[in-house]
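Overview (structure and organization)
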Amino acid sequence: MAGLTEQYDFLSRRCVWVNGPIIVGAGPSGLAVAACLREKDVPFVILERADCIASLWQKRTYDRLKLHLPKQFCQLPMLPFPEDYPEYPSRKQFIDYLESYAKHFKLSPRFNQSVQSAKYDETSELWRVRAAGACAEPGNVSADVEYIGRWLVVATGENAEEVVPELEGLEEFGGDVKHVCDYKSGEAYRGKRVLVVGCGNSGMEVSLDLCDHDASPSMVIRDSVHVLPREVLGKSTFELAILLMKWLPLWLADKILLVLAWLVLGNVERFGLRRPSAGPLELKNTQGKTPVLDIGALGKIRSGDINVVPGIKRLSPGKVELVDGRLLDVDSIILATGYRSNVPQWLQGCDFFSKDGVPKSPFPNGWKGKSGLYAVGFTRRGLSGASSDAVRTAMDIGRLWGEETNVAKRIFACHRR
Ligand SMILES: Cc1cc2nc3c(=O)[nH]c(=O)nc-3n(C[C@H](O)[C@H](O)[C@H](O)COP(=O)(O)OP(=O)(O)OC[C@H]3O[C@@H](n4cnc5c(N)ncnc54)[C@H](O)[C@@H]3O)c2cc1C
Ligand SMILES: NC(=O)C1=CN([C@@H]2O[C@H](COP(=O)(O)OP(=O)(O)OC[C@H]3O[C@@H](n4cnc5c(N)ncnc54)[C@H](OP(=O)(O)O)[C@@H]3O)[C@@H](O)[C@H]2O)C=CC1
Ligand SMILES: O=C(O)C(=O)Cc1c[nH]c2ccccc12
């Protein structure tokens with residue numbers, strides 16, 4: 001039940017009428033909403049710029065990555081993880097799960113379809129979504145395709161593009177510089193002095209991985225950071241946080257988490273890990289900053305294997321000058337400086353998303369816009385937030401779809417009489 005009709009316009013561009021929602025992105029969010037729509041017999045199309053599902057997980061994450069939240073918070077709707085999966089599935093296990101999820105619900109995204117623009121046409125009350133193919137087709141036909149449909153589901157994620165900061169002197173540095181999305185393992189860095197810029201979950205784990213491969217990482221903490229233990233007395237800190245937030249005001253939940261963190265980790269400030277004045281949950285809610293869940297980097301900071309350094313002033317050939325005036329010799333730089341949404345680059349004429357590419361309405365109201373627009377996976381609540389958006393979105397579209405098909409059935413019945 002593809003629900004697609006293809007035609008060519010006068011510029012030989014392919015136009016595809018989609019009888020159902022157009023979903024942009026085949027990551028966990030796009031797959032989850034598609035699976036929920038499949039259950040309701042609503043046809044759809046999924047457009048994906050890469051040549052595979054879950055491209056963030058398959059192509060832009062490092063080898064040793066594991067989910068950092070327990071598995072029950074990371075599974076998608078209607079199909080749990082296999083029972084023999086560990087509490088924190090590996091990257092490979094998560095990808096296998098997503099592949100089997102797509103297979104189970106018979107989801108076949110259109111790959112190599114990078115959405116360049118999407119616009120609501122007030123006159124026809126339809127979305128026009130233009131996608132560029134990866135390669136031009138033989139003959140005169142343009143590789144661009146225009147998809148036209150009643151509903152648009154944005155599922156391109158909070159991590160669609162890497163953030164690359166402007167660092168003075170970067171061109172003169174001369175050594176190898178890459179974003180963490182291109183980092184696979186510390187193997188390539190054996191014996192090297194590596195500057196890791198950023199101290200989020202990526203910066204911490206990459207620094208740990210570098211230590212495990214006999215490299216010498218220096219990790220830049222330009223400001224402050226909340227590090228929490230991944231577990232407290234065998235219970236996941238994330239689960240504990242959810243429990244606390246259910247019964248207590250946010251500030252109190254934060255206070256309790258910080259006391260527990262202090263009991264498990266001790267005073268981390270003496271190692272250069274200054275805590276922000278706002279609590280970890282408050283910061284996650286207001287700025288989307290995920291606290292670091294420690295899986296071993298802290299031990300390496302304590303032992304001095306990871307050298308914590310302040311902000312960067314400028315780079316010069318083979319060297320970095322820090323804001324405190326120190327000069328370090330460095331062979332390579334890894335930018336663990338975060339990610340951003342790309343929605344502002346392609347979604348036009350709509351004020352539902354902020355300039356940062358996330359819905360302006362906070363959770364749980366950011367999933368539905370006007371004129372058949374939906375956003376799945378922009379809650380700053382990881383995979384569990386994506387699942388909750390997917391279920392709501394599919395319910396809503398399923399209801400509208402049901403109403404439309406009922407009208408069509410009545411017209412058909414009336415015509416036959
Ligand atoms: C290293 C890392 C580890 C993480 N670990 C966890 C974790 O343990 N637990 C957790 O809950 N969350 C985690 N997250 C958060 C992460 O956002 C989710 O795991 C999840 O990947 C979100 O799914 P998504 O489908 O919304 O976005 P994505 O996985 O980013 O998928 C979006 C898809 O859209 C495609 N796309 C983007 N732009 C376009 C376009 N213009 N046209 C067509 N296709 C497009 C992309 O190619 C991609 O395949 C992690 C994130 C990172 C970066
Ligand atoms: N499952 C897992 O184990 C993992 C999960 N993740 C998730 O992926 C998402 C992205 O994480 P991550 O890649 O760490 O990105 P984050 O956005 O969480 O962190 C970016 C870091 O880069 C720093 N930074 C940015 N620009 C500069 C600069 N110019 N100079 C110095 N520092 C800079 C930020 O500092 P500042 O705070 O001062 O802005 C911050 O410490 C998060 O949600 C995270 O939880 C990531 C890795 C592993
Ligand atoms: O891993 C991520 O990026 C997430 O967003 C998961 C997440 C949601 N809320 C949190 C609070 C603490 C640590 C991780 C998360």
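Anything mentioned here points back to the structure above.
Notes on the structure follow. (Residues numbered from 1 in each chain as written. Chains lettered and ligands numbered in written order. Predicted model: local features only at pLDDT ≥ 70, side-chain atom pairs only at ≥ 80, totals over all residues. Heavy atoms only, no water.)

Considering the overall build of the chain
In terms of regular secondary structure, the chain is built from 11 helices and 21 strands. Computed over the C-alpha atoms, the radius of gyration of the chain is 24 Å, within 12% of the 22 Å expected from 2.2 N^0.38 for a compact globule of 417 residues. Each principal axis of the C-alpha atoms in the chain carries an extent, and together these give about 85 × 55 × 40 Å. Of all 417 residues assigned to the chain, the portion counted as buried reaches 49%. Across the chain, contacts joining residues at least 24 apart in sequence account for 63% of those joining residues at least 6 apart. When the accessible surface of the chain is totalled, it reaches about 20500 Å², and 52% of it is carbon and sulfur. With 53 positive and 50 negative side-chain charges, the chain shows a separation of 4 Å between the mean positions of the two kinds. (Helix = DSSP H or I, 4+ residues; strand = E, 2+ residues; numbered from the N terminus. Rg over C-alpha atoms; globule rule 2.2 N^0.38 Å. Buried < 20%, exposed > 50% of the residue type's maximum accessible area, 1.4 Å probe, protein only. Contact = heavy atoms within 4.5 Å. Areas by Shrake-Rupley, 256 points an atom, 1.4 Å probe, with all protein chains shown as cover. Lys, Arg positive; Asp, Glu negative; His and termini not counted. Charge placed at Lys NZ, Arg CZ, Asp CG, Glu CD.)

A look at the sheet that holds strand β16 (residues 312-316)
Reading across the sheet, the 3 strands line up as β16-β17-β18 and stay open at both edges, with antiparallel pairing between neighbours. Strands at the two margins of the open sheet, each flanked by one partner only, are β16 and β18 (327-329). Adjacent strand axes in the sheet meet at a mean angle of 25°, parallel and antiparallel pairs treated alike. Where strand β17 (residues 319-322) and β18 come together, 3 bridges link them in antiparallel fashion. (Pairing = 2+ DSSP bridges. Axes fitted to C-alpha atoms, helices over the stretch in contact; angles between N-to-C directions.)

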